[in-house]
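Analysis of the macromolecular model
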Amino acid sequence: MADKQATLTVDGKSYDFPVLEGSVGPDVIDIRKLYGQSHMFTYDPGFTSTGSCESSLTYIDGEEGVLLHRGYPIGQLAEHSSFMETAYLLLNGELPNQGELDTFTRTISRHTMLHEQLATFYRGFRRDAHPMAIMCGVVGALSAFYHDSTDIADPEHRKISSHRLIAKMPTIAAMAYKYSVGQPFVYPDNTLSYTGNFLRMTFGVPAEEYEVIPAVEKAMDRIFILHADHEQNASTSTVRLAGSSGANPFACIAAGIACLWGPAHGGANEAALNMLQEIGTPDRIPHFIERAKDKNDPFRLMGFGHRVYKNYDPRATVMQKTVREVFDALKVTDPIFETALRLEELALHDDYFVEKKLFPNVDFYSGIILSAIGFPTTMFTALFALARTVGWVAQWNEMISDPGQKIGRPRQLYTGPTQRDYVPVAKR
Ligand code: SDX
């Protein structure tokens, strides 16, 4: 029995609901019995005030700009951890010791190869197909090849399919890039790290040795950590909803990829760099800020604003620092970075953005780094999907292993016609 109660009174009738407390963050009002008691629904399009599940994976304090994975601050994980270590943490709840990390990393590396017939799926796409279209198709097709790990009731199947998805996403993403530039696919080299393997499969060519640049490998691995998981965002909620029907994990992750593609979500990293390139020089920034403030103009500052963060996205802080590190390592620069810094400075001093608490988010600087490393903008969201597969898989496992899990089935406020009789066409 919850200690705290909430009471709802409608037309003089009162309904009591338990208030549940988490380990940190807002309490929730458990309204599961609302419809049965009152024949009413709550109404929350966009889920601005709705908790969809209980989870112990990731905690966000949007007012304070805090992001924790299993209690560990994202800044500390980005600084000291690796993507494989963070993946283990999200999947298992604790940081691994060296033996556990080595075993996990070796297991993942043994699943990096794709069934050879999957390569033919790529040849069905035009060369200029968007990599996210390819990712949606190929990841969805995985369930046609790995029947031996689609029984979601079997914990061993869940474990194998989780490892397969995490391991194969770099191979699938790298192949999407190779296909788009007409170069041969490069097979995984499991003597390399997870991220080094991905860089070699993407930028290596059969004709010569590929040397992984440690600073680039570290920056890429850190970018993967920053994108690993983020509570119940749109694509994670999509994966959970798909999984609640009992769909196989490959289909659920394909659904997450489709949702992530939207420019309001993971597609914002591609849109943000395109926007910065359209702005070009700092003198053109005021014009675009005015457009972003104009209610009659659909233009928004891409990479700015967030449903939860009403403070600086802690991932953007790390991302901005990483831009400088990659520029130094590659001895390159990009005037777009100066434009981005100036845009941030002007926006954060503009009443519109201050009042609406709009800050740079994870997508604002990431494209500048990815572009400096050599990725085309069309690959940015595919890289986001590669990294977020860890969070999607961890959230899916948490949901499926909950014995109380039910299929997700929201209701509605109906405003259409009430019942009426059919009229034959001759009488209309
Ligand atoms: C990600 O949920 C997650 O955790 C997502 C993510 C993750 O890791 O999974 O963090 C990844 O998706 C980051 C967000 C990437 N998207 C963008 O950068 C696209 C640009 N941002 C916006 O479209 C918007 O900020 C959203 C979609 C991110 C959030 O939208 P909300 O929460 O629905 O807020 P809203 O659209 O109601 O905006 C509130 C107000 C509105 O003005 P009013 O109608 O109240 O007058 O702020 C304005 C908006 O017009 N606004 C912006 C703006 N973002 C919001 N105005 C100009 N530029 C913007 N970027």
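All figures in this text were calculated on a predicted structure; none of them were measured in a lab.

So, about the layout of surface pockets. The calculated volume of the second largest pocket comes to roughly 370 Å³. What lines the second largest pocket is a set of 19 residues, and nearest its centre among them are Leu-91, Asn-92, Lys-159, His-163 and Asn-397. Counting residues per element, the ones that place at least two in the lining of the second largest pocket are α3 (83-92), α4 (98-109), α7 (155-181) and α18 (380-400).

Another point: the UniProt feature "active site" (unreviewed entry) in the protein. Here, UniProt's "active site" (unreviewed entry) annotation points to His-306 and Asp-363. Over a stretch of 58 residues, the named residues converge on one spot in the fold, their C-alpha atoms separated by at most 10.5 Å. Among the residues examined, His-306 registers a relative accessible area of 23% and is labelled partly exposed. The residues touching His-306, leaving out its near neighbours within four places in the chain, are His-230, Arg-315 and Asn-361. Within the structure, His-306 has its side chain in polar contact with the backbone nitrogen of Val-308 (distance 2.9 Å). With respect to the helices and strands, Asp-363 occurs in helix α17 (residues 363-373). Residue classification places Asp-363 among the buried positions, given a relative accessible area of 5%. Beyond its immediate sequence surroundings of up to four residues, Asp-363 is in contact with His-227, His-265, Gly-266, Ala-268, Asn-269, Ala-272, Gly-303 and Phe-384.

The rules behind these values
- Counting starts from 1 at the beginning of each chain's written sequence and moves along it residue by residue.
- Per-residue local features are limited, in this predicted model, to residues with pLDDT of at least 70; the limit for side-chain atom pairs, both in listing and counting, is 80 or more; totals at the level of whole chains, interfaces and linings are taken over all residues.
- Side-chain descriptors were evaluated using all non-hydrogen atoms of the structure, hydrogens and water having been removed beforehand.
- A 1.4 Å probe that fits but cannot get out identifies a cavity on a 1 Å grid over protein atoms alone, an open set with protein on both sides within 12 Å along at least five of seven lines counts as a pocket, and a residue lines either if it has an atom within 4 Å of a point.
- Grid points are joined across faces, edges and corners, and a volume is the space filled by probe spheres set on the points.
- Numbering of helices and strands runs from the N terminus; a helix is a DSSP stretch of H or I covering at least four residues, while a strand is a stretch of E covering at least two.
- UniProt positions are given in the numbering used here, feature names are shortened, and annotations may be inferred rather than shown by experiment.
- When a residue's accessible area, from a 1.4 Å probe over protein chains only, is under 20% of the maximum for its type it is buried; when over 50% it is exposed; and in between it is partly exposed.
- The criterion used for residue contact is that any of the two residues' heavy atoms lie within 4.5 Å.
- In protein, a polar contact requires one atom able to donate a hydrogen and another able to accept it; more generally it is a pair of N or O atoms within 3.5 Å, and residues adjacent in sequence count only if both atoms are side-chain atoms.

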